[in-house]
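Remarks on the overall topology
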Amino acid sequence: MARPLIAHIDLDALRHNYRLAQELAPTSRSVAVLKADAYGHGAVACAKALEDLVPAFAVAAIEEAVTLRDAGITTPIVLLEGIFSADELPQVDALGLSMALHSDWQLEAVLAFAPRRPIPTWLKVDSGMHRLGYSPAAAEVAWQRLVAKPRCVTDLHLMSHFATADLADVGYFSRQHELVMALAERLGAPTCLANSPAVLAHPEAHGDCNRPGVMLYGSDPLELSCEASRRLHPVMSLTSKIIAVRELAQGEPVGYGGRFTTAGPSRIGVVACGYGDGYDRHAVDGTPVLVDGKPSRLAGKVSMDMMTVDLTDLPEAGIGSEVVLWGASRHGALLSVDDVARYCDTISYTLLTGVLPRVPRRYAGGPATSPVD
Ligand SMILES: *Cc1c(COP(=O)(O)O)cnc(C)c1O
């Protein structure tokens, strides 16, 4: 028997979450973000599962776009950071890619390039994230230069990214939103603004396009979940099995450094999953797992290939019991990756993108099997 650790990917859940993004923003084009190998879910499989629904995909770099084109994906693809050097432009043109444009050197490069077809371009304005993008004043100048070159660029959008759309306090979000909307009005520009938290919680920020990412994978990015975010379905279920059980007396340390000590006579289960698989070593004692669908807790530091959980209150659990690290149990229970992330002092994004290649992905569902609705 093979090692039991598997990342199950539910492509019907992916489609459900994408449709939810569309339903929440019915007048926007929802561009599905597939960067970082679709947040660890497998970009090609996810693209094939969504291609009949989406107007476009978004990725972080041309290499990720090439992977999708090589797999036969013909849907438009946007490069969220644009080109990293001018010599990428012939490939952008040849592969029919779209791009963000955030800096003058990119602007000069694209205006000096003669593409076979004008390149669909999102001009990025820094409305307050202070990472990529033009200042609002510089964006006006750049926009006019792009508008004047319809043989180089087409389908111009004004793009911006929110720093705090996930927070309950909307103060800074509103400032960013007002700034970018005022600029869009002056330019008469279509907009592309909303990430997952804005799609879920800020309908006023739904633009001509939106850019949902993590919500497609079933994670709720909001500080305070809402009616819509509670309708998301988890896409990845990371599951393994108990491979050994220790009966220990009270006061025995477990694992490296003896961080966890048994409070009384205890049964400790050893799970085939560790940080060498991408499970976060920052997980504290008490981090939730499901054993045969019932709540259990991490007991001891995560090792490279294994971790230990407390089975004292689960007398029926033993070797071969199913362990869910996050996602859905075949017994019906759910453990949200967002809950696990809180115990690791991180966010779902790092846990999902962190699942390493040695963990096999197993896919179920998708367009061929989806119920028609
Ligand atoms: C990653 C990314 C997104 C998607 O963000 P989520 O929080 O995952 O929805 C949207 N826009 C840009 C520019 C990004 O880099």
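Residues numbered from 1 in each chain as written. Predicted model: local features only at pLDDT ≥ 70, side-chain atom pairs only at ≥ 80, totals over all residues. Heavy atoms only, no water.

Points about the pattern of salt bridges
- One pass over the structure, following the stated rule, counts 11 salt bridges.
- One continuous salt-bridge network, built from bridges that share partners, spans Arg3, Asp277, Asp305 and Arg358. (Salt bridge = Lys/Arg side-chain N within 4 Å of Asp/Glu carboxyl O.)

Side note on the site of the ligand
- Lining the immediate environment of the ligand, one finds 14 residues, of which Lys35, Tyr39, Ser196, Arg211 and Tyr349 sit closest.
- Between Gly213 and the ligand, the recorded distance is 2.9 Å, taken from a backbone N or O atom to an oxygen atom.
- One nitrogen or oxygen atom from the main chain of Val214 is found 2.8 Å from an oxygen atom belonging to the ligand.
- Burial of the ligand by the protein amounts to 93% of the accessible area it has alone, namely 380 Å².
- Of all the secondary structure elements, the ones that give two or more residues to the shell around the ligand are helix 2 (35-40) and helix 9 (196-201).
- Its residues placed into classes, the shell around the ligand shows eight nonpolar, four polar and two charged. (Near = heavy atom within 4 Å. Polar contact = N/O pair within 3.5 Å; in protein donor to acceptor, adjacent residues only side chain to side chain. Areas by Shrake-Rupley, 256 points an atom, 1.4 Å probe, with all protein chains shown as cover. Helix = DSSP H or I, 4+ residues; strand = E, 2+ residues; numbered from the N terminus. Nonpolar A, V, L, I, M, F, W, Y, C, P; charged D, E, K, R; others polar.)

Focus: helix 7 (residues 136-147)
- Its 12 residues give helix 7 an end-to-end C-alpha distance of 16 Å, which sits within 8% of 16 Å, the value for a rise of 1.5 Å per residue.
- For helix 7, the set of buried residues is Ala139, Ala142, Trp143 and Leu146. Buried positions in helix 7, seen along its axis, are confined to an arc of 105° and lie on one side of it. Away from its buried face, by an angle of more than 90 degrees, helix 7 presents the exposed residues Ala137 and Val141.
- In this structure, the buried residues of helix 7 make contact with strand 6 (98-101), helix 6 (104-111), strand 7 (119-124), strand 8 (153-159) and helix 8 (171-187). (Expected span 1.5 Å × (residues − 1). Buried < 20%, exposed > 50% of the residue type's maximum accessible area, 1.4 Å probe, protein only. Arc of directions from axis to C-beta. Contact = heavy atoms within 4.5 Å.)

Digging into the domain arrangement of the protein
- Along its sequence, the protein is carved into domain 1 (11-219) and domain 2 (236-364).
- Taking the mean C-alpha position of each, domain 1 and domain 2 sit 37 Å from one another.
- Every contact between the two is made by 11 residues of domain 1 and, on the other side, 10 residues of domain 2.
- When domain 1 packs against domain 2, close to 920 Å² is buried across both sides, 60% of that on carbon and sulfur atoms.
- Looking at the side of domain 1 facing domain 2, the largest losses of area belong to Tyr39, His41 and Ser219, adding up to 45% of the total buried there.
- Across the contact surface, domain 1 and domain 2 share zero salt bridges.
- Scanning the region where domain 1 abuts domain 2 turns up five residue pairs in polar contact (both at pLDDT 80 or more).
- Within the residue set of the side of domain 1 that touches domain 2, elements represented by two or more residues are helix 1 (11-24) and helix 2.
- Broken down by element, the side of domain 1 that touches domain 2 gets its largest block of residues, three residues, from helix 2.
- Classifying every residue of the side of domain 1 that touches domain 2 by side-chain character gives six nonpolar, four polar and one charged. (Domains from an automatic or database assignment. Buried area = accessible area lost by both parts, 1.4 Å probe.)

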